[in-house]
Amino acid sequence: MSTTSNRGKPDAGPAQQPFTYPLRKEFVEPDWRRIPGFKDVTQAEWESSVWQRKHTVKNLRELKATLGALLPDDLAMSMELDQKERATMSILVPPQMLNTMNLEDLWQDPVRRYMLPALADRRTDWANHPRASRDSLHEADMWVVEGLTHRYPTKVLAEMLPTCPQYCGHCTRMDLVGNDVPQVAKHKFATGQKERYELMLDYLRRTPTVRDVVVSGGDIANLPIQALEPFVSALMDIPNIRDIRLASKGLMALPQHFLQDSVLQGLDRLAKKAVDRGVDLALHTHVNHAQQLTPLVGKAVRKLLDMGFRDVRNQGVLLRGVNDSSKALLDLCFTLLDHAKILPYYFYMCDMIPNSEHWRLSVAQAQKLQHDIMGYMPGFATPRIVCDVPFVGKRWIHQVAEYDRERGISYWTKNYRTSVEANDPEALDRKYEYFDPIDTLPESGQAWWREQPKAA
């Protein structure tokens, strides 16, 4: 009910809201000296990419040595069991990222929950959805040359390398990226790097329908600038390429890499060439929680924007126990905007890889989150929550064609053919399935799934 002032006009002013702005958390670099293994580290060392890579935690033994008594014994034991029995990625966490964790409660910390998974985090009744698969998006099926995925009519994905500065537990490219683990022997590129790059460029020169290239991996932060720069520069020499997006979670996890003189100089040359050629050059990063953003990340982003990058955009992933509330998403989005100058762009539903059910949300839960974050940010900075449907691609969460909530099966359509359906007359009429986590279904739906055979 509105109120009326003595002048007969309705009183106006800020209303009470479910989410409070401005943000209250101070934007500072956490003090790394609180970590026993880093207590004597100088600021110059901390801001060195070489030091960060040298001291990246690569296994549980190194994690124990770094954290000391801050790592609970029961958590360490659960993480050890997870590496032996469930993990699809090996441990790899840079000091920068470790420093953003809440070391007073590592069990509940959102960053730890997806970067350092513990067996106790995972589901025991439904560790895997029956339809989960290693290459959940079938990207390798759509390789036109090894490592070049042609999924959309005008866009391709160039997987430059199979390593990252950090390994995320929910990695959708767990089939290719990282070291072998007991559960997963990783796919290996059969073609040498230089030959693969030339084959990619040759395909793009022969395919004028492609205008947009995502340069990814793995992570381009692990590709020396001496290899990245000539490849991206060669892309700009292809007349039909108008958009180039560099993909790097390392911008957040290892901003020190992007603050090196040699990297800045190489990226600056690419930015200037992009302007000259009329090509839009952007960088996409991957931040899942507000506490992962620090002033060093903001400093690296400003360098990129100042040299002429069109945008730095964030593509996060919805993860249970990490960012599955509207408050967590809005905290992240406003921190991206206000402090790091990163544009909130997408939040993906977690893909259907093995052992990921404890992270995944249902389509209905994602739809509610999209509803609940609307209206707070400018329209251009309001992220879209998308479902990456196998053999389809990204679809806004409300674009579902049909949705059987009893069995947790959503059905999606598309308006283009992927490279594996070039001559399939039914591709545009088919309905493609996507599956909710089983524990989000009613008992009848769960019972139905128990009777289903697993996918081949």
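Model, not experiment: these values are computed from the prediction. (Residues numbered from 1 in each chain as written. Predicted model: local features only at pLDDT ≥ 70, side-chain atom pairs only at ≥ 80, totals over all residues. Heavy atoms only, no water.)

Student: Explain the overall build of the chain to me, please; I cannot follow it from the model alone.
Tutor: A count of helical and extended segments in the chain gives 15 helices and 13 strands. Rg of the C-alpha trace for the chain: 23 Å, near the compact-globule value of 23 Å for 456 residues, within the 12% margin. Overall, the chain is about 70 × 60 × 60 Å in size when its C-alpha atoms are taken along their principal axes. (Helix = DSSP H or I, 4+ residues; strand = E, 2+ residues; numbered from the N terminus. Rg over C-alpha atoms; globule rule 2.2 N^0.38 Å.)

Student: Hey, could you run me through the sheet that holds strand S13 (residues 432-435) in this one?
Tutor: In any sheet, the strands associate via hydrogen bonds between backbone groups, in a parallel or an antiparallel arrangement. Across the sheet, three strands lie side by side as S11-S12-S13; this open sheet has antiparallel pairing. Taken across any chain shown, the strands that pair with only one partner, and hence form the sheet edges, are strand S11 (402-404) and S13. Neighbour-to-neighbour, the strand axes of the sheet open up by a mean angle of 20 degrees, direction not taken into account. The sheet contact formed by strand S12 (residues 409-412) and S13 spans four bridges and is antiparallel. Directly across from Trp412, in S13, lies its bridge partner Tyr432. Along the sheet face, helix H14 (residues 363-373) touches S11, S12 and S13 and points at about 120 degrees away from the line of S11. (Pairing = 2+ DSSP bridges. Axes fitted to C-alpha atoms, helices over the stretch in contact; angles between N-to-C directions. Contact = heavy atoms within 4.5 Å.)

Student: Sorry, what's going on with the pairing of strand S9 (residues 384-389) here?
Tutor: When you tally the buried positions in S9, you get five out of six residues, the bulk of the element. Alignment of strand S8 (residues 343-349) against S9, held across three bridges, turns out to be parallel. Counted as the bridge partner of Tyr346 is Arg384 from S9. Between the parallel pair S8 and S9, the chain is carried across by H14, and the sense of this crossover is right-handed. (Buried < 20%, exposed > 50% of the residue type's maximum accessible area, 1.4 Å probe, protein only. Right-handed = clockwise from strand over helix to strand, strands pointing away.)

Student: Can you walk me through helix H12 (residues 295-307) in this structure?
Tutor: A turn of α-helix holds 3.6 residues, and therefore any two residues three or four places apart point the same way. Compared with the 18 Å implied by 1.5 Å per residue over 13 residues, the 19 Å span of H12 between its first and last C-alpha is a close match. Within H12 the residues assigned to the buried category are Leu296, Val297, Gly298, Ala300, Val301, Leu304 and Met307. Gly308 lies just past H12 and shows a positive phi near 120 degrees. (Expected span 1.5 Å × (residues − 1).)

Student: Is there a simple way to explain the packing of helix H11 (residues 261-277) against H12 in this structure?
Tutor: The relative placement of two packed helices comes down to the angle between their axes together with the axis-to-axis distance. Running from N to C, H11 and H12 cross one another at 35 degrees; their axes reach a closest spacing of 9 Å. Here H11 runs over H12; the crossing is right-handed. In contact with Leu264, Leu267, Asp268 and Ala271 of H11, H12 contributes Lys303, Leu304 and Met307. Tallied by class, the residues present in the contact of H11 with H12 amount to five nonpolar, no polar and two charged. (Left-handed = near helix turned anticlockwise from the far one by under 90°. Nonpolar A, V, L, I, M, F, W, Y, C, P; charged D, E, K, R; others polar.)

Student: Would you mind showing me how to read helix H7 (residues 193-205) here?
Tutor: Here H7 contains 13 residues, and its C-alpha end-to-end distance of 18 Å stays within 8% of the 18 Å for a straight helix at 1.5 Å per residue. Every buried residue of H7 is accounted for by Arg196, Tyr197, Met200, Leu201, Tyr203 and Leu204. The buried side chains of H7 occupy one side of the element, clustering within an arc of 160 degrees when seen end-on. Exposed side chains of H7 directed beyond 90 degrees from the buried face belong to Lys194 and Glu195. (Arc of directions from axis to C-beta.)

Student: Which parts of the structure should I look at to understand the packing of aromatic side chains?
Tutor: Aromatic rings considered in pairs are described by the distance between their centres and by the relative angle of their planes. By the definition in use, this model includes 14 aromatic pairs. The interplanar angle of 35 degrees and the centroid separation of 5.9 Å between the aromatic rings of Trp143 and Phe189 together place this pair among those described as tilted. A residue pair is termed long-range when its members are at least 10 positions apart, and Trp143 in strand S1 (residues 143-145) and Phe189 in the loop between strand S3 (155-159) and H7 qualify at 46 residues. Ring geometry for Phe435 and Trp449: centres 5.4 Å apart, planes at 85 degrees, overall edge-to-face. Linking Phe435 in strand S13 with Trp449 in helix H15 (residues 443-450), this pair joins segments that are 14 residues apart in sequence. For the pair formed by Phe435 and Trp449, the shared burial category is buried. One aromatic cluster is present, formed by Phe19, Tyr21, Phe334 and Tyr376 through successive ring pairs. Directly above the aromatic system of Phe189 lies the positively charged group of Arg196, at a separation of 3.7 Å from the ring centroid. Its guanidinium or amino end placed over the ring of Tyr345, Arg313 lies 5.8 Å from that ring's centre, counting from NZ or CZ. (Phe/Tyr/Trp six-rings, centres within 6.5 Å; stacked < 30°, edge-to-face > 60°. Lys NZ or Arg CZ within 6 Å of the ring centre and 35° of its normal.)

Student: Hey, could you run me through the nonpolar core in this one?
Tutor: One broad trend across soluble globular proteins is that nonpolar side chains are buried collectively. Counting residues in each nonpolar core, the largest one holds 127 residues, and the members touching the most others are Val215, Ile244, Leu246 and Leu267. The leading source of residues in this core is helix H13 (residues 326-340), at eight residues. Ignoring anything within four residues of it in the chain, the contact list for Ile244 reads Val213, Val215, Val232, Leu235, Met236, Val279, Asp280, Leu281 and Ala282. In terms of nonpolar packing, the next biggest core, distinct from the first, is built from ten residues, Leu92, Cys164, Tyr167 and Ile353 among them. (Core = buried A, V, L, I, M, F, W, Y, C linked by side-chain atoms within 4.5 Å.)

Student: Teacher, can you tell me more about empty space enclosed by the protein here?
Tutor: It is the rolling of a water-molecule-sized probe over the atoms that shows where space remains empty. Within the structure shown, the criterion is met by four cavities of 30 Å³ or more. Size it by volume and the largest cavity reaches roughly 880 Å³. Lining the largest cavity are 40 residues, with Thr172, Arg173, Ser216, Gln315 and Tyr348 positioned closest to its centre. Looking at the lining of the largest cavity, the elements that each hand over two or more residues are S3, strand S4 (212-216), strand S5 (243-247), strand S6 (280-285), strand S7 (311-318) and S8. The dominant element in the lining of the largest cavity, judged by the number of residues it contributes, is S8, at four residues. For the lining of the largest cavity, a count of residues per class yields 18 nonpolar, twelve polar and ten charged. Here the second largest cavity defines a volume of roughly 90 Å³. Along its surface, the second largest cavity is lined by Asp135, Glu139, Ala140, Trp143, Glu159, Thr172, Arg173, Asp175, Leu176 and His187. Classifying every residue of the lining of the second largest cavity by side-chain character gives three nonpolar, two polar and five charged. (1 Å grid on protein atoms, 1.4 Å probe; cavity = no way out; pocket = protein on both sides within 12 Å on 5 of 7 lines; lining within 4 Å. Points joined across faces, edges and corners; volume = space filled by probe spheres on them.)

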